[in-house]
Amino acid sequence: LVRRVDAMRDRLAPTERDMHEWLRAVLRGDWDETVRRQQAIAARDPQYPLPHYLIGLHSVRRLRPDVALPALLASDSGMTARGWAPQIGALADAYHQLGRHEDELATVARGRRLFPTNRTLLARALRAHAPLRRPAAALALVDTVLATMTDTLARDLTAVLTGASEFRAHGDSATARAIAERVLAWHAAHPPRTVGPGYA
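Residues numbered from 1 in each chain as written. Predicted model: local features only at pLDDT ≥ 70, side-chain atom pairs only at ≥ 80, totals over all residues. Heavy atoms only, no water.

### A short note on the overall build of the protein chain
If you tally the helices and strands in the protein chain, you get 11 helices and zero strands. Reading the secondary structure of the protein chain in the N-to-C direction produces α-α-α-α-α-α-α-α-α-α-α. Along the longest, intermediate and shortest principal axes, the C-alpha atoms of the protein chain span 60 × 45 × 30 Å. A burial count over the protein chain gives 44% of its 200 residues as buried. Intrachain contacts of the protein chain at a sequence separation of at least 6 include 50% that bridge at least 24 residues. Computed over 28 positive and 21 negative side-chain charges, the inter-centroid distance for the protein chain is 2 Å. (Helix = DSSP H or I, 4+ residues; strand = E, 2+ residues; numbered from the N terminus. Buried < 20%, exposed > 50% of the residue type's maximum accessible area, 1.4 Å probe, protein only. Contact = heavy atoms within 4.5 Å. Lys, Arg positive; Asp, Glu negative; His and termini not counted. Charge placed at Lys NZ, Arg CZ, Asp CG, Glu CD.)

Following this line, the structure appears as structure tokens:
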């Protein structure tokens, strides 16, 4: 597709050219250029939320929360109104990288209200509890997750174990161990079902 668009590059409008160059930068892994191209698009149409979101997403991946946060705040209302749950995750990640864990937790809580079926926010909620030194809240959340888990492939266990790793990283090995023990107990009581050759 990129090569086909190359052939008509002279007929592209400025924003289309920036989108084309943005995609080329994504494909070659040039994250600085991806941000520059989206910043150019956002400057032309500051009310359009997608370029701001992409600036924030790429900046979070580059560990540049100082660039990510203002962009994600600019995209927040527009992207959540469109039902885009990854907006919440990216914003929470920016707050996490900045060490603003109360804001991170509040963002995740808002996301869980807006997108109650989105389970990827569970790991972020647990991750926020670790630096805030709230093991009781984390363990209560783990218990709720495990008690209500209907995913027979147990994908949510990965999110829970991510939370355990975060507590360990913040020096609370006891809570990390307690979370891991709950996961192991749940797993022992719920053997995974087979879904096809090579999968379990």
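From this point on, the discussion continues.
### Digging into the pattern of salt bridges
Using the criterion set out here, one finds 17 salt bridges in the structure. One salt bridge connects Glu21 with Arg24, and the closest N-O pair in it is separated by 3.6 Å. Separated by three residues within a single helix, Glu21 and Arg24 lie in helix α2 (residues 14–28), roughly one turn from each other. By relative accessible area, which is 12% here, Glu21 ends up buried. Among the residues examined, Arg24 registers a relative accessible area of 29% and is labelled partly exposed. Three or more residues are tied together by salt bridges with common partners; here these are Asp18, Glu33, Arg36, Arg37 and Arg44. (Salt bridge = Lys/Arg side-chain N within 4 Å of Asp/Glu carboxyl O.)

### Looking at the side chain of Glu166
Here Glu166 is to be found in helix α10 (residues 156–169). Buried and unpaired, Glu166 has no salt bridge, with Arg127 as the nearest side chain of opposite charge at 5.5 Å. Other than its neighbours up to four places away in sequence, Glu166 contacts His96, Arg127 and Ala130.

### So, the packing of α2 against helix α3 (residues 31–44)
Remark: α2 packs on α3, axes separated minimally by 8 Å, with the N-to-C direction vectors making an angle of 160°. With respect to each other, α2 and α3 are oriented roughly antiparallel. Seen along the crossing, α2 lies across α3 with a hand that is left-handed. In this structure, α2 contributes Pro14, Thr15, Asp18, Met19, Glu21, Trp22, Ala25, Val26 and Arg28 to the contact, and α3 contributes Trp31, Glu33, Thr34, Arg37, Gln38, Ala40, Ile41 and Arg44. (Axes fitted to C-alpha atoms, helices over the stretch in contact; angles between N-to-C directions. Parallel < 35°, antiparallel > 145°, perpendicular 65-115°, else oblique. Left-handed = near helix turned anticlockwise from the far one by under 90°.)

### Quick word on the nonpolar core
Membership of the largest hydrophobic core comes to 28 residues, with the highest contact counts inside it found for Val160 and Ile179. Looking at this core, the elements that each hand over two or more residues are α6 (86–98), α8 (121–129), α9 (135–148), α10 and α11 (173–189). Per-element accounting of this core gives the leading share, six residues, to α9. The residues touching Val160, leaving out its near neighbours within four places in the chain, are Leu126, Val142, Val145, Ile179 and Val183. (Core = buried A, V, L, I, M, F, W, Y, C linked by side-chain atoms within 4.5 Å.)

### Topic: the packing of α3 against helix α4 (residues 49–61)
As a packed pair, α3 and α4 sit with axes 8 Å apart at the nearest point and diverge in direction by 160°. In terms of their interaxial angle, α3 and α4 are classed as roughly antiparallel. Along this stretch, α3 crosses α4, giving a crossing that reads as left-handed. Contacts between α3 and α4 involve Trp31, Thr34, Val35, Gln38, Gln39, Ile41 and Ala42 on the former and, on the latter, Pro51, His52, Leu54, Ile55, His58 and Ser59.

### Focus on the environment of Ala92
Secondary-structure assignment places Ala92 in helix α6. Non-local contacts of Ala92, meaning those with residues more than four positions away in its chain, are made with Glu104, Thr107, Val108, Arg124 and Arg127.

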